[in-house]
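Fold and geometry: a report
Take a look at the letters that make up each chain.
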Amino acid sequence: METVLGDPAQFILDHTVLTQTPLVPEISLYVASEMLPIWQMTEDEMRTVGLPPPFWAFAWAGGQALARYILDNPELVAGKRVLDFGAGSGLAGIAAALAGAAQVSAAEIDPIAIIAMDLNARANTVTLIALEGDIVGAAGADWDVVLAADVCYEGPASKRIVAWLDDLARTGVTVLMGDPGRTYFPKSGHEKLISYAVKTTTELEDTDLRNTSVWRVTG
Ligand SMILES: C[S@@+](CC[C@H](N)C(=O)[O-])C[C@H]1O[C@@H](n2cnc3c(N)ncnc32)[C@H](O)[C@@H]1O
């Protein structure tokens, strides 16, 4: 695929460093060592061709917490069909694959994230099945477990996503979310499983340590 970025895989490799994830050192990801330059480039160049900011270039607090919890509780996903929704780097999905999931799909609306998550999966010697596009509203028959980490960062989109995750939970899918208390995270419909202090970066967050929880959606 050729884009304004040239070869996207090469773009990712040129602008990131394979780095151990702070809360999940078992998993290394191609992440930006400095976020601001790549984020600025997005504003200037990517947006002109409709590409979203590079969420894939960062291990978000919600993803780190959810990945940690899955690796410490592998029975949640072992032998199961798992979806990592809004996968970004693919962190939560990679954790599920390492924990013994039968298969892991990873859904993203950002075509560059699809390539980043594939590079990350290979770096951790696992496979993610890429689902490109907006699958909000899809029936849950293909998944036993749905993971959604740090997906509540925009008002209207969060409402839609949460309503869908609630529906999935009510039909018997295990839905797990990781969230550091973002404004649009729902106030009800879930139970807290665990909290962690997650190291992030003040380049993107208002503090370098975020109290982040893993939740099971009850619907
Ligand atoms: C803040 S990032 C979190 C990435 C990753 N889950 C993590 O915790 O590191 C949110 C991601 O959700 C993706 N996203 C947002 N809406 C989506 C949708 N409707 N379908 C699939 N992905 C979506 C964005 O492209 C972005 O990569």
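So, unusual backbone geometry
Residue T125 is not a glycine yet carries a positive backbone phi of 50°. Following the sequence through the fold, T125 ends up in the loop between α5 (111-123) and β5 (129-132). Among the residues examined, T125 registers 9 C-beta atoms within 10 Å and is labelled exposed. Even without being glycine, D150 reaches a positive phi, approximately 55°. The topology assignment puts D150 in the loop between β6 (145-149) and α6 (155-170). In this structure D150 comes out as buried when scored by C-beta crowding, with 26 C-beta atoms within 10 Å.

Some words on α6
With 16 residues, α6 extends 23 Å from end C-alpha to end C-alpha; this agrees with the ideal 22 Å at 1.5 Å per step. G172 sits one or two positions beyond α6 and adopts a positive phi of about 100°.

Details of the site of the ligand
In the vicinity of the ligand there are 25 residues, among which F55, W60, G63, G86 and G88 approach most closely. For the shell around the ligand, the elements supplying multiple residues, two or more each, are α3 (61-72), α4 (91-98) and β4 (103-108). For the shell around the ligand, the residue count by class is 16 nonpolar, five polar and four charged.

As for α5
A rise of 1.5 Å per residue sets the reference length of α5, with its 13 residues, at 18 Å; its end C-alpha atoms lie 19 Å apart and thus fit the reference within 8%. All of the buried residues in α5 are I112, A113, I114, I115, A116, M117, N120 and A121. Check the buried side of α5 and you find it contacts α1 (8-15), β2 (24-31), α4, β4 and β5. T125, located one to two residues past α5, shows a positive phi value of around 50°.

A closer look at the nonpolar core
Core analysis: the largest hydrophobic core is formed by 69 residues, its most contacted members being A95, A96, V146 and L147. If we ignore the near neighbours within four places in the chain, the residues touching L147 are L66, V82, L83, D84, F85, A92, G93, A96 and L176.

Description of the environment of K192
Inspection of the secondary structure assignment puts K192 in strand β8 (residues 190-199). K192 sits in the exposed class, given 9 other C-beta atoms within 10 Å. Residues within four places of K192 in sequence aside, it is in contact with S213 and W215.

Conventions adopted
- Within any chain, residue numbers begin from 1 and follow the written order of that chain's sequence.
- Local features in a predicted model are, by the rule used here, given only for residues with pLDDT of at least 70; side-chain atom pairs are given and counted only at 80 or more, and totals for whole chains, interfaces and linings are based on all residues.
- Strands here are runs of E lasting at least two residues and helices are runs of H or I lasting at least four, both read from the DSSP assignment and numbered beginning at the N terminus.
- Residues with at least 20 neighbouring C-beta atoms inside 10 Å of their own are called buried, those with 12 or fewer are called exposed, and the rest are partly exposed, where every C-beta is derived from the backbone.
- A helix's residues, less one, multiplied by 1.5 Å, set its expected span.
- Near, as applied to residues and a molecule or strand, means the residue's backbone-placed C-beta atom lies within 6 Å of it.
- When residues are sorted by character, Ala, Val, Leu, Ile, Met, Phe, Trp, Tyr, Cys and Pro go into the nonpolar class, Asp, Glu, Lys and Arg into the charged class, and all the rest, Gly among them, into the polar class.
- In this description, any two residues whose backbone-derived C-beta atoms lie within 7 Å of each other are considered to be in contact.
- For the purposes of this analysis, a nonpolar core is taken to be any set of buried Ala, Val, Leu, Ile, Met, Phe, Trp, Tyr and Cys residues that are connected through C-beta atoms within 7 Å.

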